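Here are the chains, one letter per residue:
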Amino acid sequence: RGREGAPYSTLVPSDEVTINYRHGLPVITLTLPTRSERCLFTVKPTVTTVGAFLQDVQREDKGIERAEVFATDGSKVSDATLMEVLLMNDFKLVINNTAYSVSPPVKDKLSSEHATEMEDIKSLVHRLFVALHLEDHQIRKERELLQKLDHLKEELLPLEQMKARITDSADAKTSRLLWVGLALMSTQGGALAWLTWWVYSWDIMEPVTYFITYGTAMAFYAYFVITKQDYIYPDAKDRQFLHYFYRKSKKQHFNVERYNKLKEDLAEAEESLRRLRQPLHLRLPIQEINDKD
C-alpha cells in the first residue's frame, strides 16, 4: 500500500518502465495494461507536469482507471510537480493495481553523452533561423532606418533654415570687420606718410612709428594671452565668425547643441543604412532595392 494512496498488489521490476533521452528530451517507455503493447511518451521536463503525463497515459489506454506517482518512501507526488523534478530521483508509477519501479538515468552522465549532439542541434537551429529570418530582419531594419532618416530630416529642416540665416549674418559681419581693419590700416599708413613728408620730418616721425609698431606687437601678444592661439589671419577670422554666430544664435533662440545632436544622429543613421545595403550584408533583388529608394 502507498502511504497516501490505494493498495497495489504487484510490484514490477524497473525494466518494465524505462527512460531514455532522445534529442535532449526524456522518452518514457511502458507497457499499456489492457492493450499489452509498449508505448513511448516524450515529455518536456521543464513544461510537462506529472498530472499532464498521467493524463496522456490514460488517454492512450482507456482501460486505465488509476494512474499515480509515488516517491520511494511511499508519499504521493503532486500532479502539479514538474517532470524535471520527478526525474531527479527514483519513483514508483502505479497503474491500476500494478506498481512500476522507475530509475531515471543520471543527469550528469546524460549531459556528457549528449552534449555534442545538443550542440549540433543548436547550431543547426541557429543556421535555419538565420537563413529563414535574416532577409526579413534586414528589410525591417532598413525600413526603420529610412523612417528615422525622414524624421531627423524633418526636425532638421527648420533648424537648417535658421542656421543658414545666422551663418549669412555672421559671415557678413566678419567680412565687414575685415574691411574695416583694412581701411584703418590704410588710413594709418596715409596719415603717417602725410605727417612725414608734408608736416614733419622723418627724424620726428621715426619714434612715433616705432611706438606704433611696438604697440601693435603688444596687441598681438595680448591676443595670444587671451586666446592661447597665434594671431593667424584665417584662425582669427574663424574665431570672430564663431563669436558673431553664437551671439546671433542666442538672440534668435537657436539651440546649437540640439542641432549638433540631430546632425550626429543623421550621420549615424546614414552610415548604418549604407552598411546594411552593402551587397555582402543585404541579399535582395536589385529591383526591390530601387523600389525602396
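Rules of the game
Residues numbered from 1 in each chain as written. Predicted model: local features only at pLDDT ≥ 70, side-chain atom pairs only at ≥ 80, totals over all residues. Heavy atoms only, no water. UniProt positions renumbered as here; feature names shortened; annotations may be inferred. Core = buried A, V, L, I, M, F, W, Y, C linked by side-chain atoms within 4.5 Å. Buried < 20%, exposed > 50% of the residue type's maximum accessible area, 1.4 Å probe, protein only. Helix = DSSP H or I, 4+ residues; strand = E, 2+ residues; numbered from the N terminus. Contact = heavy atoms within 4.5 Å. Polar contact = N/O pair within 3.5 Å; in protein donor to acceptor, adjacent residues only side chain to side chain.

You'll find the chain entered in an unreviewed UniProt entry as Calcium uniporter protein, with Oceanodroma tethys given as the organism. Regarding the chain, the relevant UniProt record gives this comment under Function (unreviewed entry): "Mitochondrial inner membrane calcium uniporter that mediates calcium uptake into mitochondria. Mitochondrial calcium homeostasis plays key roles in cellular physiology and regulates cell bioenergetics, cytoplasmic calcium signals and activation of cell death pathways."

**Regarding the nonpolar core**
Counting residues in hydrophobic clusters, the biggest one holds 25 residues, and the most contacted among them are Leu 30, Phe 53, Val 69, Phe 91 and Leu 93. Those elements giving two or more residues to this core turn out to be β2 (18–22), β3 (25–32), β4 (37–42), α1 (50–60), β5 (67–71), α2 (83–86), β6 (91–95) and β7 (98–102). The dominant element in this core, judged by the number of residues it contributes, is α1, at four residues. In this view, Phe 53 contacts Ile 28, Leu 30, Phe 41, Val 43, Thr 48, Met 83 and Leu 93; residues no more than four positions away in its chain are not counted. Leu 159, Val 256, Tyr 259 and Ala 269 belong to the second largest nonpolar core, which has 18 residues in total.

**A few points about the side chain of Thr 209**
With respect to the secondary-structure elements, Thr 209 resides in helix α4 (residues 202–227). The class for Thr 209 is buried, based on a relative accessible area of 18%. Among the polar contacts listed, one links the side chain of Thr 209 to the backbone oxygen of Glu 206, at a separation of 2.8 Å. In this structure Thr 209 touches Leu 192 and Trp 202, once residues within four positions along its chain are discounted.

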